[in-house]
Structure formats: C-alpha cells, structure tokens
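Analysis of the macromolecular model
Spelled out, the chains give:
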Amino acid sequence: MKSYAELYINGQWVAPKGGETIEVINPSTEEVIGSVPAGTVEDLNDAVIAARNAFKSWANTPAEERASYIKKLAATLAENREEIGKTIAMEVGMPVQLSTMIQAGMPTAVMGSYAKIATDFEYEESSGNSLVIREPIGVCGFITPWNYPLHQIVGKVAPALAAGCTMVVKPSKEAPLNAFLLADAVDSIGLPAGVFNLVSGVGSVVGEALSSHPEVDMISFTGSTGAGIRVAELAAQSVKRVTQELGGKSANILLDDADFSTAVPAGINGCFINSGQTCSAVTRMLVPASKQAEVIAIAKSFVANIKLGGALEEGSQLGPLVSASQKRKVTACIEKGIAEGATLVVGGPETPEGLNRGYFVKPTIFADVKPDMTIAKEEIFGPVLCIIPYETEEQAIQIANDSIYGLSGAVSSANIERAKKVARQLRTGQVAINGGRFNIMAPFGGYKQSGNGREFGKWGLEEFLETKSLNLP
Ligand code: NAD
C-alpha cells in the first residue's frame, strides 16, 4: 500500500510544514498499511491562498471547458477503479467486490454526471425587469468522513468544479488514501493549479482552521452531528455558507400488506451494508405487531447465511468496523440494548468466533424494541437492527418521525400508492419505496439534525452558486 509524504497544493506535491504523520490501519487485520501527512495550520493556509488565487480564472472558464476536465477526471477514476476499490476495502473494511462496485463505482459515476449537469444548467433567467444570474460562490472547504470516503469527497468536488468554485479538501484520518488517489488523478489531467487542493490532517487542527479561515466562502461538511455543529459555529464568525450531511436513524416501515419474504432481507441489507456504517442505513424496521414473529423467523435464517470476513477474503459479505474505538462504541450499544430489555434475536456483544484480529462485531438484531430505548434513538453506526412493532399505520408514521434525525427511510407495501402516501408523511430527505435504488441524479440530504443542503444532481450544483440580480432599465 502506498504512503504519501506530501500534500497537494497549488497544482504541486509539496512537503508539509510539520513533521507529523497519520498512520492508516487496515481494520480487517489491524496492520498499518500506509501513512499520510498530518497537515498544519500553515499548510492549510497555503492551500486556501492557492484556491483563492485560482478562483477568478476558474470561475471565468466556460462551463464546457470545466465539463471537459470533469469528464477526464471521471475517465481517470474509471481506469483506476480496481486500485480505488482495493484501497478503500483496506482502509474501511468493506469487502473488496462491494467496495469496487460502490466505493469506486459510485464516485466515478457522480463525477461523470457533473460534466452534463455543468453544461445543462440554466445559469441565467429573467424575472420581470431583472436578469437573475448564478455565479460560483468562491473558495470552498470540504471536510469528509471515512465511511464512503471517496463518494463523500466527490459529492462535493464534482459539483464545485462544475459550478466554477475552487477548493481545499480535508479527508478523514481513518481513510485518507483514496483522497490522494483523487489528487493523483487531478494532477494527471492537468487541472489548473490551485483549483483542487488536498490537506490531510486531524479535525481539531486542519478542519477547524479551514472552517474559520476568512478566505473560505463555503464549508461543506459530512460526518457526525457534534463535529458538524462545531464547524458551523466556527464558520458563522465569517458568515460562510455551511452545508452539512450528518447522522441518521432511518426507519423502514413494512406495511401489513408488504411481501415480507423480500422486504425483510432487503431491509437487513439496507441496515448492514458497510457493516452498518452508512448514514442513511435503515436501522429501525417498523413491523405490524401481529407480524413480528414472522419477521423474526425470516431475519434469523437470513442472518445465519451472512459470511463475515476480512475485506480481501474470498466470499466475505460483511467486513469489520473501521476502528477499535468504533467497535467499542457499537459493542456498548448492543450491551445497552440488552440491559434496556430488548429481545436479542441474533448476534450480541461478544467478538465473533475465529475473528479475534480485526474489528469485527456480530451482526445483531433486536426485536420488541420500544421507541424510547437508547438503541432506537441513537445512531449506532454498526451492524445492529432494531425491529419495532407497531399497531396502526398512523402509529408507524409517528414512530418513524419521532427522531432528531431525518435523513432517509423506506416503505414497503403491495400497493405502491399506499406506500407513497406514507412516504410523503415522513420528515426525511429520501424515502426508498419497495426497494427503490439510490439514484445519483436525485437530491440527497437531511431534514432536522441530519443536516442542511442537498448533494447530487442539479440540486448539488445549486449549493455552490450565488444568485445576483441585474435590474435592467
Ligand atoms: P467526525 O464528525 O468526527 O469526522 C468527520 C470529519 O470531520 C473528519 O474529517 C474529521 O477529521 C472532521 N472533524 C472532526 N472534528 C472536527 C472539528 N472540531 N472541526 C473540524 N473538523 C472536524 O466523524 P467520524 O469520527 O468520522 O465518525 C464519528 C461518528 O460520526 C460516527 O460514529 C457516526 O455516528 C458519524 N458519522 C456520520 C456520517 C454521515 O455520513 N452522516 C459519516 C461518518 C460518521
């Protein structure tokens, strides 16, 4: 695995100003697999200045030309698909076939989508005697987490490039290597110097300096609600635009007429994917009380066939958690669920047999979960599903909305119109109906404490634009 000793600033690989490094650990083996620089406030400042100096020229570059760079970037990501998939499998722990498909495939597709969005977008419209024009907001700071690391970076970089913004990326310390692969790609296509800059480092140093830097016009943050609040507080001092993609506790409502034989396995997959480390994971399965026994039986036999294993092991379907601290946190949540009286259907807090190395947790399902239990309220970020019984459709909707979060959700029913009617009543940014797939051209983002702003599609581009009215005589 590659280690990086330099940061990418102003179109060049440059030595960091401090000597510290961040080690990257493979969660499947607990081995160190690489390292990146722990950037300093000075490094970050250099990157912001480079982005500021590059802004005027990039903002004035025609959309078609910006789109041609984006196309080249998408093509380079596609060429490097295997390397990206394997790198993220080794940083995050997602099984490599899935990682190649999702962690490499999705950002490549998103990048490609913005070549078209950049040129299709209507940057000007008339309103009465005014010409309303949309302009790039300026220098952007991107702070991203480890769970879908390149997807989360590209979800910001691609629309920002399309809009004509310049940027500084601060990736997570757990999974930063993929961001360096992106910087390699940026370098190889000859993107103008200073448009894209990469400064790895810890949140309390580089992330805070980026959030409070007076030359940064906008911060786009993905991660935990706590860090998101801190970033927004710092950004408020200079009245930056802030978009946030934060946590979730999404509900999956199985209506009484749903096909349980498909909806229950699909719901478990929607919770356990990436070992439950997915902000939009449907972690609360709401089922009619009279059907709970049937749901439990299906769930038990489905989970019995899930193969746990290292990310590079042949046939493994579920990998470890990203870090030792994440494993401790998730294990404590499982213990709490037992202590609060939920019924443990499968799994539990013990380390799975034969998997003492690596941060593995048993896929765990609780039933008879009450909406006020801790496991039903807090984001666990592990392979832990809560089955919550309900009596009426109205009660199911009320339980689903009884959350500080509002990121995603799902509804299943034999009657699609009935499912849509329920979905309209959920206070969340997305709802999957009868297994509807994630769509990179549809807006993604949160209601309530799941965040502000939307990513992907034309809605993702709009976040990076300012609006100006030319009032004509
Ligand atoms: P985090 O919020 O600590 O980190 C996300 C990013 O923010 C990282 O790049 C980090 O370095 C940076 N950061 C942290 N503190 C900062 C600060 N004070 N100022 C500026 N930047 C800062 O999240 P994490 O450690 O990656 O994961 C912790 C929890 O966050 C998880 O357990 C999970 O609940 C949640 N999470 C949510 C998502 C999501 O997409 N909604 C993704 C990953 C993690």
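Scope of this entry: the structure provided in the associated data block. Model, not experiment: these values are computed from the prediction.

Attention now goes to the overall build of the protein chain. Helices and strands together make up the secondary structure of the protein chain, namely 15 helices and 22 strands. Counting all 473 residues of the protein chain, 58% fall into the buried class. Nonlocal contacts in the protein chain, meaning residues at least 24 apart in sequence, comprise 73% of its contacts between residues at least 6 apart. Approximately 18700 Å² of the protein chain is accessible, and the part contributed by carbon and sulfur atoms is 51%. Here the protein chain carries 40 positive and 50 negative side-chain charges, and the mean point of each set is 3 Å from the other.

Moving on, we come to the sheet that holds strand 6 (residues 130-136). One key point about sheets: their strands pair by backbone hydrogen bonds, in either a parallel or an antiparallel sense. Strand order across the open sheet formed by 3 strands is 5-6-22, with antiparallel pairing between neighbours. Each edge of the sheet is formed by a strand with only one pairing partner; in this case those strands are strand 5 (124-127) and strand 22 (465-471). Neighbour to neighbour, the strand axes of the sheet diverge by 25° on average, direction disregarded. Relative to strand 22, strand 6 runs antiparallel, the two being bridged by 7 bridges. The residue of strand 22 that forms the bridge with V132 is S469.

Attention now goes to the site of the ligand. Looking at the ligand, there are 27 residues lining it, with T144, W146, S224, L246 and E379 nearest. E208 is positioned with one of its side-chain polar atoms (N or O) 2.8 Å from a nitrogen atom of the ligand. The contact in question runs from an oxygen atom of the ligand to an N or O atom on the side chain of K329, over 3.1 Å. Protein chains bury 85% of the 810 Å² of accessible surface belonging to the ligand in isolation. The residue makeup of the shell around the ligand, split by class, is 10 nonpolar, 11 polar and 6 charged.

With 5 of 5 residues buried, strand 8 (residues 166-170) is to be regarded as a mostly interior element. Side-chain alternation along strand 8 places T166, V168 and K170 on one buried face and M167 and V169 on a second face that is also buried. For strand 7 (residues 139-143) and strand 8, the ladder comprises 5 bridges, and the chain directions are parallel. The residue bridging C140 from the neighbouring strand is M167, located in strand 8. Handedness of the β-α-β unit built from strand 7, helix 5 (residues 149-163) and strand 8 comes out right-handed. Two elements, strand 8 and strand 9 (residues 196-198), share 3 bridges in a ladder whose sense is parallel. Each residue of the ladder has a partner; that of V168, found in strand 9, is N197. For the crossover from strand 8 across helix 6 (residues 177-189) to strand 9, the handedness is right-handed.

Take helix 14 (residues 416-424) next. Looking at helix 14, one finds that the buried residues are A419, V422 and A423. In an axial view of helix 14, the angular spread of the buried residues amounts to 100°, which keeps them on one side of the axis. Exposed positions of helix 14 whose direction lies more than 90 degrees from the buried face are K421 and R424. Of the surrounding elements, those touching the buried residues of helix 14 are strand 12 (250-254), helix 13 (393-401), strand 18 (409-412) and strand 19 (432-433). Where helix 14 begins, the capping side chain belongs to N415, and its oxygen is found 2.9 Å from the backbone nitrogen of E417.

There is a patch of like negative charges on the surface, built from E340, D372, E378 and D402. Within the secondary structure layout, E340 lies in the loop between helix 11 (324-339) and strand 14 (343-346).

The next point concerns the nonpolar core. Formed by 74 residues in total, the largest nonpolar core has its most connected members in M111, V157, L161, L191, F196 and L461. Apart from residues no more than four positions distant in its own chain, L191 is found in contact with W58, Y69, L161, V186 and F196. The next biggest cluster of nonpolar side chains, apart from the first, holds 29 residues, and it includes L255, F366, V384 and A400.

Structural remark: α-helix, 3.6 residues per turn; residues separated by three or four positions point the same way. Its 13 residues give helix 10 (residues 292-304) an end-to-end C-alpha distance of 18 Å, which sits within 8% of 18 Å, the value for a rise of 1.5 Å per residue. Among the residues of helix 10, those classed as buried are Q292, V295, I296, I298, A299 and V303. Down the axis of helix 10, the sector holding all buried residues measures 165°, keeping them to one side. Along helix 10, exposed side chains directed more than 90 degrees from the buried face belong to A293 and A304. Lining the buried residues of helix 10 we find helix 9 (260-272), strand 13 (282-288), strand 14, strand 15 (364-367) and strand 16 (384-390).

Let's shift gears to the packing of helix 7 (residues 203-212) against helix 8 (residues 225-236). Here helix 7 crosses helix 8 at 40°, and the two axes come no closer than 7 Å. If you check the angle between helix 7 and helix 8, you find them oblique. Within the contact between the two elements, helix 7 uses E208, S211 and S212 and helix 8 uses R230, V231, L234 and A235. Residues belonging to the contact of helix 7 with helix 8 are distributed by class as follows: 3 nonpolar, 2 polar and 2 charged.

Procedures and definitions
Per chain, residue numbering runs from 1 following the sequence as it is written. Under the rules for a predicted model, residues below a pLDDT of 70 receive no local features and side-chain atom pairs below 80 are neither given nor counted, while totals for whole chains, interfaces and linings still include all residues. The side-chain quantities take in all heavy atoms of the structure and omit both hydrogens and water. Per the convention used, a helix needs a DSSP run of H or I reaching at least four residues, while a strand needs a run of E reaching at least two, with both numbered from the N terminus. Buried, partly exposed and exposed residues are distinguished by accessible area as a fraction of the type maximum, computed with a 1.4 Å probe on protein chains only: under 20%, between the cut-offs, and over 50%, respectively. Residue contacts are counted whenever heavy atoms from the two residues lie within 4.5 Å of one another. Using the Shrake-Rupley algorithm and a 1.4 Å probe, accessible areas are obtained, with residue cover drawn only from the displayed protein chains. The sign given to each residue is positive for Lys and Arg and negative for Asp and Glu; His and the chain ends receive no count. Lysine's charge is taken at NZ, arginine's at CZ, aspartate's at CG and glutamate's at CD. For two strands to count as paired, DSSP must find a minimum of two bridges between them. Axis definition: a line fitted to C-alpha atoms, limited for helices to the stretch in contact. Angles are taken between N-to-C directions and run from 0 to 180 degrees. Summary of the distance rule: residues count as near a molecule or strand when at least one heavy atom falls within 4 Å of that molecule or strand. In the analysis that follows, any N or O atom pair within 3.5 Å is treated as a polar contact, provided that within protein one partner can donate a hydrogen and the other can accept it, and provided that, for residues neighboring in sequence, both atoms belong to side chains. Three categories are distinguished: nonpolar for Ala, Val, Leu, Ile, Met, Phe, Trp, Tyr, Cys and Pro, charged for Asp, Glu, Lys and Arg, and polar for the others, with Gly belonging to the last. Handedness is read with the strands pointing away from the viewer; a crossover is right-handed when the path from the first strand over the helix to the second is clockwise. Arc, as used here, means the arc of the directions from the helix axis to the C-beta atoms. Two distance rules govern patches: like charges are joined within 9 Å, and nonpolar side chains (Val, Leu, Ile, Met, Phe, Trp, Tyr) within 5 Å, applied only to residues with over 30% relative accessible area and no salt bridge. Between Lys or Arg on one side and Asp or Glu on the other, a salt bridge is scored when a side-chain nitrogen of the former is within 4 Å of a carboxyl oxygen of the latter. We define a nonpolar core as any set of buried Ala, Val, Leu, Ile, Met, Phe, Trp, Tyr and Cys residues linked to one another through side-chain atoms lying within 4.5 Å. Multiplying 1.5 Å by the helix residue count minus one yields the expected span of that helix. Note that the term roughly parallel is reserved for angles under 35 degrees, roughly antiparallel for angles over 145, roughly perpendicular for angles of 65 to 115, and oblique for everything else.

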